[in-house]
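What follows is each chain in one-letter form.
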Amino acid sequence: MSAHGDSIFKRLWQDQRGQTLPFMALILILFLGIAGITVDLGHAFICYRELQASTDSAALAGGFALSSSTATTASVKATVLRYSSAATGINVNQNLPGTTITTTLTCLTTLSNQGVLCSASTTGNNAVQVRQSTTVPTYFIRALRSLGTNTPTSIDISTVATAAM
């Protein structure tokens, strides 16, 4: 009986069938990881472009409001907020949850040198800078956590735009 048992183990040890199965399982995990990274980073890039377009829009609207003869810091900031991706803005987007906005009115020397004087605005500024930030969740990269990797559950994105009056 032991000779028969030895031959079974010998045959199993020398049998090459099924060797590709573990290899294919590893390759499948690798491909799923690459696909997940591609999808999540692609989504983050689309969100970045949407946030940048909204930031540009808000800065341009703020620059236009800055040129008004009745412009105040509060009215310019309200106009910027109206065109932002923040919760009350007209460019709010479901891909950009919890967008925060920072508006800075400034007097840029480069614009003054080109004839856009700070004194031309009632606020004493000739430019507005808008910064928007949000956090975009990942979907597929976080699945790699099941393999013991420390992958992010979200990606922070931030955009900046400056417009002259």
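Coordinates for the structure precede this section.
Nothing here was measured: the structure is a model prediction, and the numbers come from that model.

Novice: When you look at the sheet that holds strand β1 (residues 100-106) in this model, what are you seeing that I'm missing?
Specialist: Backbone-to-backbone hydrogen bonds join strands into a sheet, with any given pair of strands oriented parallel or antiparallel. Spatial strand order, β1-β2-β3: 3 strands in an open sheet with antiparallel pairing. In this open sheet, the two strands that pair with only one neighbour each are β1 and β3 (154-164). When the angles between neighbouring strand axes are averaged without regard to direction, this sheet yields 15°. Pairing geometry for β1 and strand β2 (residues 127-137), over 7 bridges, is antiparallel. Along β2, the bridge assignment pairs threonine 106 with alanine 127.

Novice: In this structure, what is going on with helix α3 (residues 73-82)? I would like to understand it.
Specialist: Given 3.6 residues per turn, any residue in an α-helix points the same way as the ones three and four places further on. If you check which residues of α3 are buried, you get Val76, Thr79 and Val80. Taken around the axis of α3, the buried residues stretch over an arc of 100°, which confines them to a single face.

Novice: Is there a simple way to explain the packing of helix α2 (residues 20-66) against α3 in this structure?
Specialist: A pair of packed helices is characterised by two quantities: the angle between their axes and the separation of those axes. Look at α2 against α3: their axes get within 8 Å of each other, and the N-to-C directions meet at 155°. Regarding the angle of α2 to α3, the classification is roughly antiparallel. As α2 runs across α3, the sense of the crossing is right-handed. Within the contact between the two elements, α2 uses Ala58, Ala61, Gly62, Ala65 and Leu66 and α3 uses Val76, Thr79 and Val80. Here the residues of the contact of α2 with α3 are counted per class, giving 6 nonpolar, 2 polar and no charged.

Rules and cut-offs
- Residues numbered from 1 in each chain as written.
- Predicted model: local features only at pLDDT ≥ 70, side-chain atom pairs only at ≥ 80, totals over all residues.
- Heavy atoms only, no water.
- Pairing = 2+ DSSP bridges.
- Helix = DSSP H or I, 4+ residues; strand = E, 2+ residues; numbered from the N terminus.
- Axes fitted to C-alpha atoms, helices over the stretch in contact; angles between N-to-C directions.
- Buried < 20%, exposed > 50% of the residue type's maximum accessible area, 1.4 Å probe, protein only.
- Arc of directions from axis to C-beta.
- Parallel < 35°, antiparallel > 145°, perpendicular 65-115°, else oblique.
- Left-handed = near helix turned anticlockwise from the far one by under 90°.
- Contact = heavy atoms within 4.5 Å.
- Nonpolar A, V, L, I, M, F, W, Y, C, P; charged D, E, K, R; others polar.

The values reported here are purely geometric and, on their own, carry no functional implication.
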